[in-house]
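# Examination of the molecular architecture
Here is how the chains run, residue by residue.
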Amino acid sequence: MSSADDSAFGPGTRVTIAGRRAEWTGTPAHPGAVVSPPVWRASTHLYPDIAALRAHHANADGEFYYGRRGSPTQWALAEALTGLEPGAAGTVLYPSGVAAIAGALLTVLRPGDVLLMTDNAYEPSRAMARGLLRDFGVEPRWFDPLDPASLTAAICPRARAVLIECPGSLTLEVCDVPQLAQIARAHGLISVLDNTWATPLGFAALRHGVDIAVMSLTKHVGGHSDVMMGSASAGADWYRRLRLRAQAMGTVVSPDDAALVLRGLRTMDVRLQRTTATALDLARFLAARPEVAHVACPMLPGAPGHDLWRRDFTGGCGLFSFVLTGGTGAQRDALIDALALFGIGYSWGGFESLATPVDPAAMRSATPWPPATWDPADRFGVRLAVGLEDPADLIADLAQALAVWSVAS
Ligand SMILES: *Cc1c(COP(=O)(O)O)cnc(C)c1O
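This one's a predicted model, so the numbers in the text were calculated from it and none came from an experiment.

Cut-off values and rules
- Residues numbered from 1 in each chain as written.
- Predicted model: local features only at pLDDT ≥ 70, side-chain atom pairs only at ≥ 80, totals over all residues.
- Heavy atoms only, no water.
- Helix = DSSP H or I, 4+ residues; strand = E, 2+ residues; numbered from the N terminus.
- Rg over C-alpha atoms; globule rule 2.2 N^0.38 Å.
- Buried < 20%, exposed > 50% of the residue type's maximum accessible area, 1.4 Å probe, protein only.
- Contact = heavy atoms within 4.5 Å.
- Areas by Shrake-Rupley, 256 points an atom, 1.4 Å probe, with all protein chains shown as cover.
- Pairing = 2+ DSSP bridges.
- Right-handed = clockwise from strand over helix to strand, strands pointing away.
- Axes fitted to C-alpha atoms, helices over the stretch in contact; angles between N-to-C directions.
- Domains from an automatic or database assignment.
- Buried area = accessible area lost by both parts, 1.4 Å probe.
- Salt bridge = Lys/Arg side-chain N within 4 Å of Asp/Glu carboxyl O.
- Polar contact = N/O pair within 3.5 Å; in protein donor to acceptor, adjacent residues only side chain to side chain.
- Nonpolar A, V, L, I, M, F, W, Y, C, P; charged D, E, K, R; others polar.
- Core = buried A, V, L, I, M, F, W, Y, C linked by side-chain atoms within 4.5 Å.
- 1 Å grid on protein atoms, 1.4 Å probe; cavity = no way out; pocket = protein on both sides within 12 Å on 5 of 7 lines; lining within 4 Å.
- Points joined across faces, edges and corners; volume = space filled by probe spheres on them.
- Near = heavy atom within 4 Å.
- Parallel < 35°, antiparallel > 145°, perpendicular 65-115°, else oblique.

Attention shifts here to the overall build of the protein. The helix and strand inventory of the protein stands at 14 helices and 12 strands. Here the C-alpha radius of gyration of the protein, 22 Å, is about what a compact globule of 409 residues would show, namely 22 Å. When the backbone C-alpha atoms are referred to their principal axes, the protein occupies close to 75 × 50 × 35 Å. Put simply, the protein has 409 residues, and 53% of those count as buried. Considering only intrachain contacts with a sequence separation of at least 6, the fraction spanning at least 24 residues in the protein is 73%. As presented, the protein carries roughly 16900 Å² of accessible surface, and 58% of it is formed by carbon and sulfur atoms.

A few words now on the pairing of strand S4 (residues 159–165). Burial analysis of S4 places 6 of its 7 residues in the buried class, the great majority of the element. With 4 bridges connecting them, strand S2 (residues 114–118) and S4 associate as parallel partners. Paired with Met117 across the strands is Leu163, a residue of S4. Two strands pair when backbone bridges link them, and S4 and strand S5 (residues 190–194) are joined in this way by 5 bridges, in the parallel orientation. Within S5, the position partnered with Ala161 by the bridge is Ile190. Running through helix H7 (residues 177–186), the crossover from S4 to the neighbouring parallel element S5 is right-handed.

This part covers the sheet that holds strand S1 (residues 90–94). Hydrogen bonds between backbone atoms are what pair the strands of a sheet, whose relative direction is either parallel or antiparallel. Read from one edge to the other, the open sheet built from 7 strands follows the order S1-S7-S6-S5-S4-S2-S3, with strand pairing classed as mixed. The strands lining the two open edges of the sheet, one partner per strand, are S1 and strand S3 (139–143). Each adjacent strand pair in this sheet contributes to an overall mean axis angle of 20 degrees, direction not counted. Across the face of the sheet, helix H9 (residues 236–248) comes into contact with S1, S5, strand S6 (212–216) and strand S7 (230–234) while running at roughly 25 degrees to S1.

Another point: the domain arrangement of the protein. The domain boundaries assigned to the protein delineate domain 1 (11–266) and domain 2 (268–407). Listed as interface residues are 40 residues of domain 1 and, on the opposing side, 35 residues of domain 2. For the pair domain 1 and domain 2, the summed buried area comes to about 3200 Å², and 62% of that belongs to carbon and sulfur atoms. A salt bridge links Asp176 to Arg311, with the nearest nitrogen and oxygen atoms 2.8 Å apart. At the junction of domain 1 and domain 2, the tally comes to 14 residue pairs in polar contact (both at pLDDT 80 or more). Mapped by element, the contributors of at least two residues to the side of domain 1 that touches domain 2 are helix H1 (11–17), helix H5 (123–135), S3, helix H8 (199–202) and helix H10 (255–266). Split into classes, the residues belonging to the side of domain 1 that touches domain 2 amount to 17 nonpolar, 15 polar and 8 charged.

With that settled, consider the pattern of salt bridges. Scanning all chains against the criterion turns up 19 salt bridges. A salt bridge links Arg158 to Glu139; the nearest nitrogen and oxygen atoms lie 2.8 Å apart. Of the two residues, Arg158 is situated in the loop between helix H6 (148–154) and S4 and Glu139 in strand S3; the sequence distance between them amounts to 19 residues. Residue Asp237 is joined to Arg240 by a salt bridge in which the shortest nitrogen-to-oxygen separation is 3.6 Å. You can see Asp237 and its partner Arg240 sitting in helix H9, 3 residues apart, about one turn around the helix. Relative accessible area serves as the criterion here: at 45%, Arg240 is assigned to the partly exposed category. Because the salt bridges share partners, they merge into one network encompassing Asp119, Glu123, Arg126 and Arg130.

Tracing the sequence through the fold places Gly316 in the loop between helix H12 (306–312) and strand S9 (319–324). Among residues more than four places away in sequence, those in contact with Gly316 are Trp197, Leu272, Thr276, Met299 and Trp309.

Ranked by size, the top nonpolar core spans 88 residues in total, and within it Leu116, Trp197, Leu265, Leu286, Val295, Phe320 and Leu384 carry the most contacts. For this core, the leading source of residues is helix H11 (residues 268–287), giving 8 residues. No fewer than three residues from each of domain 1 (11–266) and domain 2 (268–407) sit in this core. Counting residues in each nonpolar core, the second largest holds 30 residues, with Met128, Leu163, Trp238 and Leu242 among its members.

Next up on the list: empty space enclosed by the protein. By the definition in use, this model includes 3 cavities of 30 Å³ or more. Of the pockets and cavities examined, the largest cavity occupies roughly 90 Å³. Per-element accounting of the lining of the largest cavity gives the leading share, 3 residues, to H11. The residue makeup of the lining of the largest cavity, split by class, is 5 nonpolar, 5 polar and 1 charged.

Below, the discussion takes up the site of the ligand. Inspection of the region around the ligand gives 15 residues, with Gly97, Asp194, Ser216, Thr218 and Lys219 positioned closest. Separating an oxygen atom of the ligand from a backbone N or O atom of Val98 is a distance of 2.9 Å. Between the ligand and Trp348 there is a distance of 3.1 Å, counted from an oxygen atom to a side-chain nitrogen or oxygen. Starting from 380 Å² of accessible surface for the ligand in isolation, the protein chains cover 93%. Sort the elements by how many residues they give to the shell around the ligand and helix H4 (residues 97–108) lands first, with 3 residues. Here the residues of the shell around the ligand sort into 6 nonpolar, 6 polar and 3 charged.

It is the contact of H4 with H9, at a shortest axis distance of 9 Å, that shows an interaxial angle of 110 degrees. Judged by the inter-axis angle, H4 sits roughly perpendicular to H9. In contact with Gly103, Ala104, Leu106, Thr107 and Val108 of H4, H9 contributes Trp238, Arg241, Leu242 and Arg245. Residue composition of the contact of H4 with H9, by class: 5 nonpolar, 2 polar and 2 charged.

Dropping the structure here:
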């Protein structure tokens, strides 16, 4: 779907106006009668006569045809996301973020191909590569996200695509996406970026050379921990192929879910600003504590990846992690249990704060964990997904949990 050129506006304005076509929010007599598109629940679309039915056989966006191709509720969300991604010609919606990654990779890859993947990738992406993709004849290989030369070294004649996650959603390394995308392009590889952390408000993926930008909309875009969805946005050529592959797989999202995600999108800019600021407060607090050995928060000056984040990103979010000074896994778990305001659960990007243990060692293939430069005793991590609570309350909660940890260790 084409999108209005709104790139001259700021992010708050862009999320407010994105995808709001008057014909999708009104009637022919009163276009734009309501603000948000109604929930069009439909499998069957009706035609006035056979001539009209026959005329609709062209596979075009934004035309009533049959429920699997969506209706104005889903179209408005897809068009809004396209409008937020500079350089995108269209967006395909998937029932989850994992489905979006699978949809993109199954569009790009063929049997016999090699998929190169950053070693910090989200575990379900790794599991997909080891399971589903191997079953379809694709060989996954991992490279060090912080060393572009390791991507170049991994490229072989069968390499077809690169899957980049930036920053890694557990260990928060910021890699040099423009350089990785450029290396990929120079060798004829297609680059796919999991841009869930930054969203297009924080990182303009296609403008930085990426071919396909994927997001879990479950996180920041939905924003309320009550809906699952994913998206893939791309320029005209890849968008067409993504769309045809998604149609071939019968991929469709419900209009009710699309309406929820679109509702979340409208407040995403203010939520991200708030959670970014709170995360930075918490990161500063933690960095000054003796119980904390390392803070992995791209927005924190001096933290790993901060310089690349400043160079390439226009925003952050509330997701970061830290590693405790020594201790045991059980003590780390007790610290998380002692937190009162942080829920214990997977996911992030909701209005409520969450904390989970981080133990990347078992997942790595190409890079050691903990890094060779660290004291090996410092290995038990905590990931915080900061929500919309008051920063002072969250800091007080962390302080009391760290006091419990200090007594135990
Ligand atoms: C959560 C997540 C996904 C998967 O999204 P779902 O909507 O949960 O399927 C993909 N990538 C990253 C980085 C994530 O955090």
